[in-house]
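Structural characterization, general
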Amino acid sequence: MDYFDELLYHEIMTIYYGNEFSTERTEEFETVMNQLRDILSQEESISTKKRAKELLLHIYDVLEYYEEDLEGGIETMEGILVQNEISWFSALIFATSGISVDIPKSIQASVLLMPFTITDSVKSFIKGFSLKIKNACKNLLNTSLFTSASKEQLLENFETVMSGLKKNLATETQTMVKSFVDNTQNQIKRANPKVFTGYKWCSILDSRTCDVCADLDGSVYNTIGDAPFSPIHYRCRCQLIGFFQEEAEPDWTTFSDWVEKIPEEKQIDVLGKKRFELWKNGDLKIKDFVNDGHKIKLEDLYNKE
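Worth saying up front: this structure is predicted, and the values here are computed from it rather than measured.

Right, let's get into the packing of aromatic side chains. Scanning all chains against the criterion turns up nine aromatic pairs. Ring centres of Tyr3 and Phe4 lie 5.0 Å apart, and the angle between their planes is 70°; on these two criteria the pair is classed as edge-to-face. Measuring from ring centre to ring centre gives 5.6 Å for Phe196 and Tyr199, while their planes differ by 55°; the resulting arrangement is tilted. Judged on exposure class, the residue Phe196 and its partner Tyr199 are both buried. A network of ring pairs unites the aromatic residues Tyr3, Phe4, Phe196, Tyr199, Phe243 and Phe244 as a single cluster. If you follow Lys134 out to its NZ or CZ, it ends over the ring of Tyr60, 5.4 Å from the centre.

Quick look at the state of the cysteines now. According to the stated counting rule, one finds zero disulfides in the structure shown. The closest cysteine sulfur to the non-disulfide-bonded Cys213 is located on Cys238, 3.3 Å from its own sulfur. Cysteine Cys236 shares no disulfide, and the gap to the nearest cysteine sulfur, in Cys238, comes to 3.8 Å. By relative accessible area, Cys236 is classed as buried at 4%.

Picture the strands of a sheet paired through backbone hydrogen bonds; they go either parallel or antiparallel. Spatially, three strands are ordered E2-E1-E3 in an open sheet, and the strand pairing comes out antiparallel. One side of each edge strand has no neighbouring strand; the edge strands of this open sheet are strand E2 (220-221) and strand E3 (239-243). As defined by bridge partners, strand E1 (residues 198-202) adjoins E3 across five bridges and the pair is classed as antiparallel. The residue of E3 that forms the bridge with Lys200 is Ile241.

Here we come to the pattern of salt bridges. Where charged atoms from two side chains of opposite charge approach closely, those side chains can pair. Inspection of every chain in the model, using the stated rule, returns ten salt bridges. Between Lys166 and Glu30 there is a salt bridge, with its nearest N and O atoms 2.2 Å apart. One end of the pair, Lys166, is in helix H5 (residues 151-191); the other, Glu30, is in helix H1 (residues 3-40), and 136 residues separate them in sequence. The exposure class assigned to Lys166 is partly exposed, which follows from its relative accessible area of 27%. Where Glu71 meets Lys123, a salt bridge forms, and the shortest distance between an N and an O atom there is 2.5 Å. On the criterion of sequence distance, the pair formed by Glu71 in helix H2 (residues 49-97) and Lys123 in helix H4 (residues 122-147) is long-range, its members being 52 residues apart. You can call Glu71 partly exposed: its relative accessible area is 23%. Salt bridges sharing common partners tie together Glu11, Lys178 and Asp182.

What counts as what
- Residues numbered from 1 in each chain as written.
- Predicted model: local features only at pLDDT ≥ 70, side-chain atom pairs only at ≥ 80, totals over all residues.
- Heavy atoms only, no water.
- Phe/Tyr/Trp six-rings, centres within 6.5 Å; stacked < 30°, edge-to-face > 60°.
- Buried < 20%, exposed > 50% of the residue type's maximum accessible area, 1.4 Å probe, protein only.
- Lys NZ or Arg CZ within 6 Å of the ring centre and 35° of its normal.
- Disulfide = S-S within 2.5 Å.
- Pairing = 2+ DSSP bridges.
- Helix = DSSP H or I, 4+ residues; strand = E, 2+ residues; numbered from the N terminus.
- Salt bridge = Lys/Arg side-chain N within 4 Å of Asp/Glu carboxyl O.

In structure tokens:
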């Protein structure tokens, strides 16, 4: 297996591991949901402010332990993942180029503190997620009190709100795994600027590829600092591949090349009907669907014609 095959296989395994880690976290959340559901089921209806406050304090106690467990689980995973990534990535570089790379000191701590999205670090996400649960439960209890809602209505509203938070948790934790892998590699790349001669953005080409990643696919950067933040969005599957030498670069199929080769019904599925029509009629190229890393709205696309 060569360098590029190894990177691709590793990316696939990262996605699988991210899914497993996300499943573990959502199962923990379901356990907490059951505890909160039991608390809310104690009475047929919430009749007084005092009782609503008592239930809310009980909920806060449960969430305090959950927040600690969530943080501990993520930090443990991050520590294991970073160490494994250091070993794997440094071994891959040595096997390919014969170069022994320098590993930055305190890389594990720095990766944990780095944002895993453009806006959130692990700690800010955990605090924010716990606060969302608290506020949701507080609003549910207040609504139940002021509307004299039945226990069945309260629990139905609870299920709806918690289902949305569960999806949010799944997305965030999947992205964390990808971020820890990317940030570990990028820390090593920054500490060894002479190892690679350049970098190329590699997007997974399928019907799930977003317009922004499609636009970035095949983009070349001289340094790691020139490249976009990765992962560039939630559940991003892109890779920033470093090259040791010019001849190491493989033949590259861009997103546009790939779209042109797939059946028309698949092209519509990938681009969307309106964008497909603009592209098929020759009014716009695929790269025109994005501007400075942002997807352009349809009404603005028609104004570009």
